[in-house]
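Geometric and topological summary
Letter by letter, the chains look like this.
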Amino acid sequence: MRFVAMPTEAARAYRAGGPDANGQPPERAVSDGMGNPCRHCLAMIPQGAGMLVLAHRPFSTLQPYAEVGPVFLCADDCPGGCGTGLPAMLASPDYILRGYGADERIVYGTGGVVPRDRIEVRAAEIFADPQVAFVHVRSARNNCFQCRIDRQGGRPESGGQPPHPRDI
Ligand SMILES: [Zn+2]
């Protein structure tokens, strides 16, 4: 499986002051070093580093299941964090994992809170259902979107979707 970060094109658009999912420019803040995970490099934003706070919709289609929520992003360029290992930013004791179909709607029965060290095991279990196209990792307490998990060699647009107004 592959952990998929926010597409670089979307991160660039936000850094350039482009509108977030609520049509507003990203807010600028400074990381306190505690719990500000960047959804592009998938690492914690270091203390004192500039960051953006914005509303992000991590779906490519507009439909009732396409939730919008707050995310942090390094204010300056950072490397894309897609990869096969558990991202460094996933430092909390547990997370919500939830499967979505190719139509980007929740596959009911897949959602639940999972200990951090079982994320990959649970994702593999969720992917055993062929209806599941991808999995979301969300914070267990606040439901904030963290990153997506694809099957290895999954969706061709993984991590590199072209800029699209509905996707940022
Ligand atoms: Zn970053």
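Please refer to the structure higher up on the page.
Just so it is clear, the model here is predicted, and its values are computed rather than measured.

About the cut-offs
Residues numbered from 1 in each chain as written. Predicted model: local features only at pLDDT ≥ 70, side-chain atom pairs only at ≥ 80, totals over all residues. Heavy atoms only, no water. Core = buried A, V, L, I, M, F, W, Y, C linked by side-chain atoms within 4.5 Å. Buried < 20%, exposed > 50% of the residue type's maximum accessible area, 1.4 Å probe, protein only. Helix = DSSP H or I, 4+ residues; strand = E, 2+ residues; numbered from the N terminus. Domains from an automatic or database assignment. Donors = N, O, S within 2.8 Å, 3.2 Å for Na, K, Ca; no water. Phe/Tyr/Trp six-rings, centres within 6.5 Å; stacked < 30°, edge-to-face > 60°.

**Looking at the nonpolar core**
Nonpolar side chains in soluble globular proteins generally cluster together in the buried interior. Within the largest apolar cluster, 18 residues are counted, with the highest numbers of intra-cluster contacts made by Leu90, Leu97, Ile119, Val135, Val137 and Ile149. Those elements that provide at least two residues to this core are β5 (94–100), α2 (119–127), β7 (134–139) and β8 (145–150). For this core, the element with the most residues is α2, which contributes four residues. When residues of this core are sorted by domain, at least three fall in each of domain 1 (2–79) and domain 2 (94–150). Core analysis: the second largest hydrophobic core is formed by 15 residues, Met6, Ala11, Cys41 and Ala75 among them.

**So, the coordination of the zinc ion**
The zinc ion binds to the protein through Cys38 (SG), Cys41 (SG), Cys74 (SG) and Cys78 (SG), with metal-donor distances spanning 2.3 to 2.4 Å. All donor residues of the zinc ion come from one chain, and their arrangement in sequence is C-x2-C-x32-C-x3-C. With Cys41 in the loop between β2 (27–30) and β3 (50–56) and Cys74 in strand β4 (residues 69–74), this residue pair connects regions lying 33 residues apart in the sequence. For the pair formed by Cys41 and Cys74, the shared burial category is buried.

**Some thoughts on the packing of aromatic side chains**
Following the criterion strictly, the structure yields three aromatic pairs and no others. Note on Phe59 and Tyr100: the rings are 5.3 Å apart at their centroids and 65° apart in plane angle, and the pair reads as edge-to-face. One end of the pair, Phe59, is in the loop between β3 and β4; the other, Tyr100, is in strand β5, and 41 residues separate them in sequence. As far as the burial class goes, Phe59 and Tyr100 line up, both buried. Ring geometry for Tyr65 against Tyr108: centres 6.4 Å apart, planes inclined by 70°, an arrangement best described as edge-to-face. Of this pair, Tyr65 sits in the loop between β3 and β4 while Tyr108 is found in the loop between β5 and β6 (112–115), placing the two residues 43 residues apart along the sequence. Residue class for Tyr65 comes out partly exposed when judged on its relative accessible area of 24%. By relative accessible area, Tyr108 is classed as exposed at 64%. The structure contains a cluster of three or more aromatic residues connected by ring pairs, namely Phe59, Tyr100 and Phe134.

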